Structure formats: structure tokens, C-alpha cells
Amino acid sequence: MNVDLIVAELKDVDLLHHVCTTAYTQHFTNQWESAAALEQYLVGSFSTDRLTKDILEPGTAYYLIYADGQPAGFVKLNDQLKEAGQASLFPHALELERIYMLAAAKGTGVGKIAMEKIEGIAREKQKPTIVLYVVDVNETAIRFYERNGFVKTGKTRLELPGFKEEVKPTTIMCKTLSGL
């Protein structure tokens, strides 16, 4: 299987919007108190206007994940951690803010290859650590990250309006890259 991470450009905003909203709703709809709360989150995070702003933001990059030439998911990376407290603990880290796969790509090995490519991006950027946040109830993702060399380093909470209370506890995970 051939897996590519392609930097999303302004010309890709409509496709990126489709992949982001589809992948997110396929896996996380049940974590919201209502359809209206989910819709508000989707608009705030994945509207074409928001994605355009993010693409133009220095230090932020979206990547479309392709498997054998077909969209399979997306990744959002930040050259610095957004949360101030974590940024001081990991001052030179690459933040893996989002990695979501379309349902058809789950369990196919695409995610593992994408993670290897993310590590390559971190190395190119001379980032010795990759940090991510994952809600505690997403045990499948936590196991996936652990299999890919990430370790639990702390706890926080994902405070989003309309997000169910039981899914707010969040684990901070990081992977230190050798040789940097």
C-alpha cells in the first residue's frame, strides 16, 4: 500500500473540509451532548473559512493522507504546542493536534505509516519531541499511540462547549525522537 501525506494548500480547502468533517463525524458523534453542539464544533474547527485561516497560519500545517491515491484521512501539525503550560514543558516539540482516518482506512495500516511520516516531518523540522492529546475514553487510540512509541506524560481536560462531561478527561502523550 502506498501512503502519502500531502500538505493541504488553499486549492484543497473543499476536499480537506469534506475529509475533516466526514472522518470526525464517523468516529466522534457520540461524544457530543446534541447534534447542535456537534455542528457548532464542526463549523468552528472545520469550516472552509477556519481551514483557510489555519492553512495560512505560520507554524500550522494540514496534511491530507492518501492511501493508494485515495483520501484516507488528515493530520494537523503545529510547530509549537498551543497550551502554554505544555509549551514550557516541551519548548521544541511538534504538536500532533489532529490525526483522523476515514472509517474505510481504519485497521488497514494507513495510520501506522502516517505516524512514521509524521515522525519524518518532526525530524525535518528538528523537533525532538512529538506531543499529542487524546481523550481517555478513546482507548483504541491510546493503544495505537503506545504501539507507535508514545508514552503517557500527563493529564488535562478538553473543555469544549457541548462535549459530554465523561469524555473531557484527556491524556497527554509524547514521543521523544532519538538522534535530535
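The notes below deal with the structure included here.

Reading guide: rules and limits
- Residues numbered from 1 in each chain as written.
- Predicted model: local features only at pLDDT ≥ 70, side-chain atom pairs only at ≥ 80, totals over all residues.
- Heavy atoms only, no water.
- Core = buried A, V, L, I, M, F, W, Y, C linked by side-chain atoms within 4.5 Å.
- Buried < 20%, exposed > 50% of the residue type's maximum accessible area, 1.4 Å probe, protein only.
- Helix = DSSP H or I, 4+ residues; strand = E, 2+ residues; numbered from the N terminus.
- Contact = heavy atoms within 4.5 Å.

**Some points on the nonpolar core**
Here is step 1: Of all hydrophobic cores here, the largest spans 30 residues; its most connected members are Ile65, Val75, Leu96, Ile99, Ile118 and Tyr145.
Here is step 2: Going through the elements one at a time, strand S1 (3-7), strand S2 (60-67), strand S3 (70-78), strand S4 (93-101), helix H5 (110-124), strand S5 (129-135) and helix H6 (139-147) are the ones with two or more residues in this core.
Here is step 3: When residues no more than four places from it in sequence are discounted, the contact partners of Tyr145 are Ile99, Met115, Leu132, Val134, Phe150 and Met173.
Here is step 4: Counting residues in hydrophobic clusters, the runner-up holds 25 residues, among them Cys20, Ala37, Leu42 and Ile55.

**Observations regarding unusual backbone geometry**
Here is step 1: Of note, Asp68 is a non-glycine position whose phi angle comes to about 50 degrees, a positive value.
Here is step 2: Positionally, Asp68 belongs in the loop between S2 and S3.
Here is step 3: Overall, Asp68 belongs to the exposed group, its relative accessible area being 52%.
Here is step 4: A positive phi angle is found at Gln126, which is not glycine, with a value near 60 degrees.
Here is step 5: Residue placement: Gln126 occurs in the loop between H5 and S5.

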